[in-house]
Amino acid sequence: MATDIALRYIDTHPYENEQWDWRSGVLMHGLAELHLVTGDQRLHDYYQSWLDYRIDQGYQLVWSDSCPPAITAVALLNEAPSDDYQRVVDDTLEYLDVTAPRTEEGGISHNGILGKTSVWLDSLFMFGMVLNRWGEIEGNEARLDMMSEQIQIFADILQDDNGFMRHAQDWPGYDESVYWARGNSWVVAALADYLRIRLEHDQTDLEVEQIFREHVRAMIGAQDEGTGRWLTAMSHPDEADNYLETSASALFAYGIARAYRYGIVGDAERDVATKAV
């Protein structure tokens, strides 16, 4: 089913039309993960052609949403050395280390050089998955430590006592009583991947595990009983313009299922993911 969906997308979306941004970057990461499972060369050809084309066209790293293409570069480097792909990873890490503004707490600002300094939940996936996967294939403890540090900074700023996380820090016009489903689901997916890597390195990170468990517990309480999905504004279930959000529900299911596979959560959480699927 996943391959059919992927190939239908590929057939109707030439890789040249896919941009250097979070949308295409997350898509290509999903295709690379699917390729690991299926070995379908058509998937590999598509995301590699896209990355090659975008490198040739030139790219800029200006905010967290510019970072996801590097996840695909890491996947390709895991197959064979490449100066071009290595440069993408190196440029992205340099952006995170040097260029990206940070908050007073040390959090990497989502808006980068484009606007107000503020941490957003999205970033923990957008740059976080680069740190996760580079730390994994290189055995680079410093990058995993950096991810742990950022997770804890983001949680200190954004996670409330109920386990939910607010979308953004001190953002004009943002209603801090709203817990946005997709923002929270980015975190569940990225933290599950980080904890998986630590376990595969025979390591633990008890602080991040606690953040993750509290977060998942909050998500479970917000799941829609009838559909297994989540409302886009989880804290405002009675608002007329609220709706059940598919991408957030898929990310929650992915993160929880991955955490179950590696023994981070138990059968009750697995049942939540199964219901969502």
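Computed from a prediction, not measured in an experiment: that's the story for all the values here. (Residues numbered from 1 in each chain as written. Predicted model: local features only at pLDDT ≥ 70, side-chain atom pairs only at ≥ 80, totals over all residues. Heavy atoms only, no water.)

**Description of the pattern of salt bridges**
Our working definition: Salt bridge, as applied in this entry: a Lys or Arg side-chain nitrogen positioned within 4 Å of an Asp or Glu carboxyl oxygen. Working definition: helices are DSSP H or I runs of at least four residues, strands are E runs of at least two. Numbering for both runs from the N terminus. Whether a residue is buried, partly exposed or exposed follows from its accessible area with a 1.4 Å probe, protein chains only, as a fraction of its type maximum: under 20%, in between, or over 50%, in that order.
A complete count under the given rule lists 21 salt bridges for this structure. In this structure, Arg258 engages Asp193 in a salt bridge whose closest nitrogen and oxygen atoms are separated by 3.9 Å. Taken together, the positions of Arg258 in helix 11 (residues 246–261) and Asp193 in helix 9 (residues 181–200) put the pair 65 residues apart, joining distant regions of the chain. Here Arg258 and Asp193 have matching classes, each one buried. Each member of the salt-bridge network shares a partner with another, and the members are Glu33, Arg133, Glu136, Asp193, Arg196, Glu200 and Arg258.

**Some words on a negative patch on the surface**
What counts here: Two distance rules govern patches: like charges are joined within 9 Å, and nonpolar side chains (Val, Leu, Ile, Met, Phe, Trp, Tyr) within 5 Å, applied only to residues with over 30% relative accessible area and no salt bridge. Each accessible area is a Shrake-Rupley estimate made with a 1.4 Å probe; only the visible protein chains count as cover when residues are assessed. Counting rule for charge: Lys and Arg are taken as positive, Asp and Glu as negative, and neither His nor the chain ends is counted. Where a charge lies is defined by one atom per residue type, namely NZ (Lys), CZ (Arg), CG (Asp) and CD (Glu).
The grouping of Asp175, Asp238, Glu239 and Asp241 at the surface amounts to a negative patch. Positionally, Glu239 belongs in the loop between strand 1 (230–231) and strand 2 (244–245).

**Some words on helix 11**
Here is the rule we go by: By this rule the span expected of a helix is its residue count minus one, scaled by 1.5 Å. Contacts are assigned to residue pairs with any non-hydrogen atoms lying within 4.5 Å of each other.
Compared with the 22 Å implied by 1.5 Å per residue over 16 residues, the 22 Å span of helix 11 between its first and last C-alpha is a close match. Along helix 11, the positions that sit buried rather than exposed are Ala248, Ser249, Leu251, Phe252, Ala253, Gly255, Ile256, Arg258 and Ala259. Those residues of helix 11 hidden inside the fold are in contact with helix 2 (22–38), helix 9, helix 10 (206–222), strand 1, strand 2 and helix 12 (267–276). Looking at the residues trailing helix 11, positive phi occurs at Gly263, about 75°.

**Here we look at the packing of helix 2 against helix 3 (residues 41–57)**
Rules: Here an axis means a line fitted to C-alpha atoms, over the contact stretch when the element is a helix, while the angle between two N-to-C directions is reported on a 0 to 180 degree scale. When describing relative orientation, an angle under 35 degrees is termed roughly parallel and one over 145 degrees roughly antiparallel, while 65 to 115 degrees is termed roughly perpendicular and anything else oblique. In this scheme, a crossing is called left-handed if the near helix is turned counterclockwise away from the far one by less than a right angle; it is called right-handed if the turn is clockwise.
Relative to each other, helix 2 and helix 3 sit at 150°, their axes nearing to 9 Å. Between helix 2 and helix 3, the crossing angle belongs to the class labelled roughly antiparallel. Crossing angle aside, the handedness with which helix 2 passes helix 3 is left-handed. Facing Ser24, Gly25, Met28, Leu31, Ala32, Leu34, His35 and Thr38 of helix 2, the residues of helix 3 in contact are Gln41, Leu43, His44, Tyr46, Tyr47 and Trp50.

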